[in-house]
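Read off the chains here:
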Amino acid sequence: MKYPLVALDIGNTCVPQCHDRLLRTLGLTALNAPVLGVEPWAEAFHQFLLGYITEDEYIEDFHRRFPQWSRELIYTAHVAYLGKPIPGMPELIQEMHADGSHFVFFTDINTLHFRAFRAISGEAFGCVTDCVGSNEVHAMKPSNEMFAAFEEQFGVPDLYLDDRLDLIQAANARGWHAVQARRDVAELRRELGV
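A brief look at the structure comes next. Everything numeric in this text was worked out from a predicted model, so none of it was measured.

**Some remarks on the pairing of strand β3 (residues 130-133)**
Consideration 1: The pairing of strand β2 (residues 102-107) with β3 spans four bridges and is classified as parallel. The partner of T107 across the bridge, within β3, is G133.
Consideration 2: Traced from β2 through helix α7 (residues 111-121) to β3, the parallel crossover comes out right-handed.

Now the structure itself:
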């Protein structure tokens, strides 16, 4: 089956999100992080995701809250949060692209993680050059603003891939054709008929 326009999530769809790696980089574990009150996704992170503060402002806020870590280590920990591409996903995207699918990233993202994603994945997702991101729309999925921004720029996609079931349900309720992307890419291929 062909899908001319595809909306594509990044985190846990293209690459895994690895919270434990972030903690390990800071010398923490899931057990002692809560005791220290370390939750990287504090209010400043949400402001960063929404594009209201810069990368430097976000790192500075994190360092202010946890001065025991250098700004460089904080940055490195955030890069470590993303893993290498999910096996089979780059090949699927590249094959669909070669067959005529135009992919657009549709993602809650910030500049730090988007740059890290590109560095980690190399050319794996190089065929995807367009993006509708929360940091530019100033809203996050499943808000109407995010869906509307995608539709205004590209139209209603023929397919939307995301790992989160709540986002799949919200997209389907809006009239999009959304399919949950699981780590089993062979199963995803069967579901998509590609």
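Moving on, there is more to tell.
**Brief notes about helix α4 (residues 55-65)**
Consideration 1: Regarding α4, the residues found buried are E55, Y58, I59, D61, F62 and H63.
Consideration 2: Looking at the packing, one finds that the buried side of α4 touches α3 (43-49), α5 (71-80) and α7.

**Focus on the packing of aromatic side chains**
In this description, a pair of aromatic rings is defined by centroid distance and the angle of the planes.
Consideration 1: Tallied over the full model, the rule gives 19 aromatic pairs.
Consideration 2: Where F147 meets W176, the ring centres are 4.9 Å apart and the plane angle is 90°; that geometry is what we call edge-to-face. With F147 in helix α9 (residues 144-154) and W176 in the loop between α10 (165-174) and β5 (178-180), this residue pair connects regions lying 29 residues apart in the sequence. For the pair formed by F147 and W176, the shared burial category is buried.
Consideration 3: Between F150 and F154, the ring centres sit 5.5 Å apart and the planes meet at 45°, which makes this aromatic pair tilted. Residue F150 and its partner F154 are both found in helix α9; the two are separated by four residues, about one turn of the helix.
Consideration 4: Exposure remark for F150: the relative accessible area of 0% places this residue in the buried category.
Consideration 5: Classification of F154 as partly exposed rests on a relative accessible area of 28%.
Consideration 6: One aromatic cluster is present, built from ring pairs that chain together W41, F45, F48, Y58, F62, F66, W69 and Y81.

Conventions we followed
- Residues numbered from 1 in each chain as written.
- Predicted model: local features only at pLDDT ≥ 70, side-chain atom pairs only at ≥ 80, totals over all residues.
- Heavy atoms only, no water.
- Pairing = 2+ DSSP bridges.
- Helix = DSSP H or I, 4+ residues; strand = E, 2+ residues; numbered from the N terminus.
- Right-handed = clockwise from strand over helix to strand, strands pointing away.
- Buried < 20%, exposed > 50% of the residue type's maximum accessible area, 1.4 Å probe, protein only.
- Contact = heavy atoms within 4.5 Å.
- Phe/Tyr/Trp six-rings, centres within 6.5 Å; stacked < 30°, edge-to-face > 60°.

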